[in-house]
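Breakdown of the fold
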Amino acid sequence: MHVSMSVNGREVSGDVEPRTLLVHYLRENLGLTGTHVGCDTGYCGACTVHVDGISTKSCTMLAVQAEGAEITTIEGLASNGELHPVQEGFWERHGLQCGFCTPGMIMQSAYLLAEDNNPDEDTIRHGLDGNLCRCTGYHNIVKAVQYAGARMRSEEPDAPDWEEEGT
Amino acid sequence: MDCEHPHHLDAALAALGDDPAATVLAGGTDVMVDLSFGQPHPVHVIALRRVVESAEWQEGRIGAGVTYRRLERGPPGALAQASRTVGSPQIRNTGTIGGNVATASPAGDTLPVIAACDAAIEVASRDGGVRVVSWADFFTGVKQTSLRPGELVTAIVFPDPMPAHHEFAKIGVRNAMVISMVSACVTRSEDGTTRVALGSVAPTPLRATAAEEMISAETNPGESALTEFSRLVSAAVRPITDHRGTESYRRHASGVLARRLLERCLRREPR
Ligand SMILES: Cc1cc2nc3c(=O)[nH]c(=O)nc-3n(C[C@H](O)[C@H](O)[C@H](O)COP(=O)(O)OP(=O)(O)OC[C@H]3O[C@@H](n4cnc5c(N)ncnc54)[C@H](O)[C@@H]3O)c2cc1C
Ligand code: FES
Ligand code: FES
């Protein structure tokens, strides 16, 4: 079947097996391997992308269902060589260890901050309910999102934990 | 496999009329997971995401394609509460109430709300027209409904106005992304009429009618009435033991949860 959609601002089209999942289309047909597959069953969130601005697990969607949609993946978040505030936050606050969950975490965090750029810790944790991380224990992920929120509000982010403890 | 994307209900019903065995796909959060778990791949898919009528929501009539994302931001109360507990934000962004109803899992979180509010399921087919089926006739068993071949769920119809009070809660092994071990919805009207429905404790949503009758007669229930209410709810449920929880835990938790929700109804301002 033929599909066409916009991915990270670029019009793409091609023939796919109708049963191809969106995540496989992105990774295999378009080579956008930044979107990860952790479970294939909607649980881990590693495959999170934005479909028409709404965060979606791309393993629960067929490529052909995205016909005509605007997709944003982790590769499309930075603009003009500048990291997105969430990407910067994950960098500055060590929001990752192995990095497997990170593309999905960043896409979901960007979505939640687009809805509310000043969320409290509880809102951040609930907003990331559907994204599993086996490494970090989530603490630095929350800090990374808070950092990004501050940047998006044009405020100075809080000092990192490791400086607060003042050794 | 072939996939169609009708833009209107007529076209969707026509496609399903031509091939009643086709797989209907709404948000895909149940269907795609089944496929990934190795269910045979469907030959013909009818995707409803673009059907405009399906996303309509007027007062108590909620189109089958309305997502949890919209429901959780809708009028406060049991349905918004139930929607907020489904899956994760990404699942709520795509999963629909129609998909929840058509799946008819005993753990479907909107089901106790539908049952407690005595909502009806509107269904339609090309050849049979529109039918409005009471929830009790719609849910017939574990993942079984009275939907006929060629029929789609088109809307869930809630009473308008809703009861003055309606509260939902569920119990699972943790707070996030969890399938209910017990779920419950309690409604109470100004005249004291009380309804209590439970999920995950029987093949279909279950109403604890003896408990309802007893507590509806109490205008200002005190401790002993509340205790009796809780006992009657626990006595009414028919849970099983499975990997999520034991029969006896579910029985106990049903009574505790129903009582807690009733107390919220009694304490709060009308919705
Ligand atoms: C990670 C994860 C967590 C989840 N957590 C929960 C939870 O906490 N609580 C809960 O209740 N559910 C949960 N679910 C299950 C699922 O999200 C819900 O049941 C959801 O409502 C299904 O809706 P959908 O639009 O995605 O349906 P789909 O997957 O598209 O369809 C589901 C079924 O309904 C049929 N169908 C869909 N629409 C219609 C229609 N209009 N007419 C006729 N048939 C139709 C389909 O053919 C299919 O059989 C979870 C799923 C995942 C993947
Ligand atoms: S790969 Fe999609 S949720 Fe895990
Ligand atoms: S950083 Fe390894 S899974 Fe999250």
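A brief report on the enclosed structure follows. (Residues numbered from 1 in each chain as written. Chains lettered and ligands numbered in written order. Predicted model: local features only at pLDDT ≥ 70, side-chain atom pairs only at ≥ 80, totals over all residues.)

The helix and strand inventory of chain B stands at 11 helices and 14 strands. In summary, chain B has a C-alpha radius of gyration of 19 Å against a globular reference of 18 Å for 271 residues, a match within 12%. Across its three principal axes, chain B shows a C-alpha extent of roughly 60 × 40 × 30 Å. Classification of the 271 residues of chain B by burial places 51% in the buried group. Relative to all contacts within chain B whose residues are 6 or more apart in sequence, the contacts with residues 24 or more apart total 64%. (Helix = DSSP H or I, 4+ residues; strand = E, 2+ residues; numbered from the N terminus. Rg over C-alpha atoms; globule rule 2.2 N^0.38 Å. Buried ≥ 20, exposed ≤ 12 C-beta atoms within 10 Å, placed from the backbone. Contact = placed C-beta atoms within 7 Å.)

Take the environment of Arg148(B) next. Residues and elements named next belong to chain B. Counting through the fold element by element, Arg 148 comes out in the loop between β9 (144-145) and β10 (152-157). Remark: the alpha-carbon pair of Arg 148 and Leu 206, spanning 58 residues in sequence, is separated by 23 Å. Contacts of Arg 148, omitting those with residues within four sequence positions, involve Ser 125 and Gly 128.

What follows covers the site of ligand 1. Within the structure, ligand 1 sits among 32 residues, and Gly42(A), Gly27(B), Gly99(B), Asn100(B) and Ala102(B) are positioned closest to it. Close to ligand 1, residues of chains A and B are found. Within the residue set of the shell around ligand 1, elements represented by two or more residues are β2 (23-25), α2 (31-36), α5 (89-94), α6 (97-103) and β10 of chain B. The leading source of residues in the shell around ligand 1 is α6(B), at 5 residues. For the shell around ligand 1, the residue count by class is 15 nonpolar, 15 polar and 2 charged. (Near = placed C-beta within 6 Å. Nonpolar A, V, L, I, M, F, W, Y, C, P; charged D, E, K, R; others polar.)

What follows is about the interface of chain A and chain B. Listed as interface residues are 24 residues of chain A and, on the opposing side, 22 residues of chain B. In the side of chain A that touches chain B, the residues fall into 8 nonpolar, 11 polar and 5 charged.

Another point: the environment of Gly141(B). All names here are of chain B. Positionally, Gly 141 belongs in strand β8 (residues 139-141). The exposed category is assigned to Gly 141, around which 12 C-beta atoms lie within 10 Å. A sequence separation of 62 residues divides Gly 141 from Pro 203, and the C-alpha atoms of the two residues are 5.2 Å apart. Contact partners of Gly 141, with chain neighbours within four places excluded, come to Pro 203 and Thr 204.

On to the pairing of strand β3 (residues 44-47) of chain B. All names here are of chain B. Relative to β3, strand β1 (residues 2-4) is paired through 3 bridges, and the arrangement is parallel. Bridging from a neighbouring strand, Cys 3 pairs with Val 45 of β3. Here β2 runs beside β3; their pairing, made up of 3 bridges, is parallel. Pairing of Leu 25 across the sheet is with Ala 47, part of β3. (Pairing = 2+ DSSP bridges.)

All names here are of chain A. The mixed open sheet is built from 5 strands, whose spatial order is β2-β1-β5-β3-β4. Both edges of this open sheet fall to β2 (10-15) and β4 (54-57), since each of them pairs with a single strand only. Each adjacent strand pair in this sheet contributes to an overall mean axis angle of 40°, direction not counted. With 6 bridges joining them, strand β1 (residues 2-7) and β2 adopt antiparallel strand pairing. Directly across from His 2, in β2, lies its bridge partner Asp 15. Packing of helix α3 (residues 102-115) onto the sheet brings it into contact with β3 (48-51) and β4, and relative to β3 it is tilted by some 40°. (Axes fitted to C-alpha atoms, helices over the stretch in contact; angles between N-to-C directions.)

Residue and element names in this part refer to chain B. Spatial ordering of the open sheet is given by β4-β5-β10-β6-β7, a layout of 5 strands whose pairing is antiparallel. A strand with exactly one partner marks an edge of an open sheet, and here the two such strands are β4 (57-58) and β7 (129-134). Two elements, strand β6 (residues 120-125) and β7, share 6 bridges in a ladder whose sense is antiparallel. When the bridges of β7 are listed, Glu 122 appears paired with Val 132. Those strands touched by helix α1 (residues 9-18) are β6 and β10, and its axis lies near 135° from that of β10.

Any functional reading would require information beyond the geometric quantities listed.
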